Each structure stands twice: as structure tokens, then as C-alpha cells.
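Breakdown of the fold
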Amino acid sequence: MSLPFAWVDVFADIPLTGNPLPVVWEAELLDEGTMRAVAREFNQSETTFVLPPTLPGAHRRLRSFTPSGAEVTGAGHNTLGAWWLLASAGCLDLTEGTTTLNQEIGGRTLPVRIDVTDGQPTAILQFQAPPEMNAPLDIREELALALGLKPEDLDTSMSPQVVSTGAAHLLVPATDRAAVDRAAPDAPRLARLLAQAGGQGCYLFTSEPPSTDTHAYTRFFNPTVGIWEDPATGSAAGPLAAYLVAHKRIAAGIAVNIEQGHRMGRPSRLTVHTGSEGIAIAGRGVTLAEGRLRLPHTRE
């Protein structure tokens, strides 16, 4: 069995930046165990498989897995990159201007808007689930230890909090960019704290911007699924924008620009819209490589 796949750099305008994502087409030929094995083989933070939809109104079903085999049900770089690939490869019925489709991910259907110029995508905006916010946490000292920081490196004007727009992540405010860059997590300790807090990953951020049009500078750690650090995390950027609006650090309705991946040498830029329609994350991608997987048949 030979299946097509592509390698997409997501939240990027040029190759070798952003967050790398392997995408496997025609994945209905694979069983779940093989999908997990393929994700382990690619060994990226997530690998996405494109499937026929099972929910009414959906145009594609997407499933994403980490190298450890955990399934990711939030809409972030794992889904945006897949839609960028499908749009740029001519696999979708697109109209000039804006085309709205629906993606099935994690048992829900969410809208995706694709901006098109001369038949090619120029940007993709995908909606996430409505924000769900847990109670603020008083674990600043424990978090500082788990992140390899001092308690004074964490911002006392806001509390750590688990927020979800499809995937629950622990948001941790730091004092400045230097503190964010200094973080050197103790993975087992951080994993225990995340389990206690009910968060999948940890999004360390500061509102001290690296440029005049940026609202947050971030790093993402997810030891619960074996991800040491991720260069661009859409499923955490949406919760962070909702958190900043709730804490009145930014006004509702504006586009929130987030920078990530600098410490990894893969600078990424994520834009989150916070208008009345809900939380939506926007970005672009670059298809870096294409190829074929040669696998044993797993389904009749």
C-alpha cells in the first residue's frame, strides 16, 4: 500500500520556520494502530491524517497523534497545516475570495475559512471551541521549580490558569521575555503539576512584546505526551487570547498576535481573532516536501 504524505511548515511564510507537520492523505486505508505507528516514525510533535467525514456538514475528518500515541483533539497547527496542504494542492472546491468549510476534529464540527487569490490560499482561519476557564491556581512556587525558574520570574498580577478552546492547557504568566527564555523545565515535575491541574501542556508567556504589534511572547512544553517543546501551538494560542481578554489585558474583538519558537530557532507567528463569532486562529503554511509511505495493508 502506497499513500501520499507531505511535510508542511505551519505558521510560517518561508521554509524551515514555524512548526513542522507531516500530513498523510487517504488515511481511511489505515487503522488507528498504524496511524499511531506512523506518528511515532515521523517523530514530530503531531502528525495529521486526513479522513472522510463522519459528522453531518463536515468536509473532512482530521485525526492527529503525537509520537507517544496520544490523540490531539484541539484545532491548532495540526489542522491548519492540513487545510493549507489540501487547499494549495487543489483538493478542495474553492471560490475566489473566501471559502468556508467545516472540519471534524475531536468529535465536533468547526468552521474553517480559506482566503483565496488566483485559486491559491493566502490565509486560513479556523474556529476553536468556546473558551472554558478553570479556577485560577495558587501554585506559583511549585511552577517556578518545575520550570527551572525563580518565583520572582513569574508575574504576580495574573494567576496561572487552565483554559481550553478544545484542548486544556495551563497558562503561566512570566515577568518578561528573559524569564521565558531562561525556563528549563524539569519534565517529570512539570508533568505531575499538569496532571494535578488538569492541563495537557504548559504555555509560558509574557505580555512584554518582542515587537510593537505583538501581544505575547511564548514557549510551550508538554511532557504529558512526550513533547519537550513545540515551536507553534495553535491549541494553546486560542486559550491565551481568551485569557488575556478575560483579564482585561487586551480588548475583545482585536486580533491577538503571538510569537513563539524563537528559543528553538524556529520563529513562528500566530494570530488569534477574539470577535463575537468566537475564538479563531489564523495563519499560513509552506509545503516543504512531498512523498509516499509504503505500508502493509491494514484495512480491507
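Quick caveat, the model's predicted, so the values are computed rather than measured.

Moving on: the packing of aromatic side chains. How two aromatic rings sit relative to each other is set out by the distance from centre to centre and by the angle between their planes. Going through the model one piece at a time under the given rule, you end up with 6 aromatic pairs. Centre to centre, the rings of Trp7 and Phe42 are 6.0 Å apart; their planes meet at 70 degrees, and the pair counts as edge-to-face. Taken together, the residues span a long stretch of sequence, with Trp7 in strand β1 (residues 2-10) and Phe42 in helix α1 (residues 32-42) at a distance of 35 residues. On the accessibility criterion, Phe42 (15% relative accessible area) is buried. Among the aromatic side chains, those forming a connected cluster through ring pairs are Phe5, Trp7 and Phe42. One Lys or Arg, Arg177, reaches over the ring of Tyr217 and ends 4.2 Å from the middle of that ring.

This part takes up the side chain of Gln126. Along the chain, Gln126 falls in strand β8 (residues 120-127). On the accessibility criterion, Gln126 (0% relative accessible area) is buried. Among the polar contacts listed, one links the side chain of Gln126 to the backbone oxygen of Gly76, at a separation of 2.9 Å. Reaching out from Gln126, the side chain makes a polar contact with the side chain of Thr79 at a distance of 2.8 Å. Discounting chain neighbours no more than four positions away, the residues touching Gln126 are Ala75, Gly76, Thr79, Leu80, Trp83, Gln103, Pro111, Val112, Ile279, Ala280 and Ile281.

If you walk through the whole model with that rule in mind, you get 1 cavity of 30 Å³ or more. Considering the residues around the largest cavity, the lining is formed by Glu46, Val72, Gly76, His77, Asn78, Asp230, Thr233, Gly234 and Ser235. When contributions to the lining of the largest cavity are tallied by element, the ones reaching two or more residues are α2 (77-88) and α6 (234-246).

Positive phi, normally seen in glycine, also occurs at Leu16, with a value near 70 degrees. Turning to its location among the elements, Leu16 is positioned in the loop between β1 and β2 (19-24). Owing to a relative accessible area of 56%, Leu16 belongs among the exposed residues under this scheme. A positive phi is found at Glu26, a non-glycine position, where the angle reads about 55 degrees. With relative accessibility at 40%, the residue Glu26 sits in the partly exposed group.

Another aspect to go through is the pattern of salt bridges. One pass over the full model with this rule turns up 12 salt bridges. We note a salt bridge from Arg266 to Asp9, for which the minimum N-O separation is 3.2 Å. Pair noted here: Arg266 is in the loop between β15 (255-260) and β16 (268-273) and Asp9 is in strand β1, with a separation of 257 residues, a long-range link. Residues Arg266 and Asp9 agree in their burial class; the two are buried. Salt bridges here are not isolated pairs; linked through shared partners, they connect Glu32, Arg36, Arg63 and Glu71.

Calculation rules
- Residues numbered from 1 in each chain as written.
- Predicted model: local features only at pLDDT ≥ 70, side-chain atom pairs only at ≥ 80, totals over all residues.
- Heavy atoms only, no water.
- Phe/Tyr/Trp six-rings, centres within 6.5 Å; stacked < 30°, edge-to-face > 60°.
- Helix = DSSP H or I, 4+ residues; strand = E, 2+ residues; numbered from the N terminus.
- Buried < 20%, exposed > 50% of the residue type's maximum accessible area, 1.4 Å probe, protein only.
- Lys NZ or Arg CZ within 6 Å of the ring centre and 35° of its normal.
- Polar contact = N/O pair within 3.5 Å; in protein donor to acceptor, adjacent residues only side chain to side chain.
- Contact = heavy atoms within 4.5 Å.
- 1 Å grid on protein atoms, 1.4 Å probe; cavity = no way out; pocket = protein on both sides within 12 Å on 5 of 7 lines; lining within 4 Å.
- Points joined across faces, edges and corners; volume = space filled by probe spheres on them.
- Salt bridge = Lys/Arg side-chain N within 4 Å of Asp/Glu carboxyl O.

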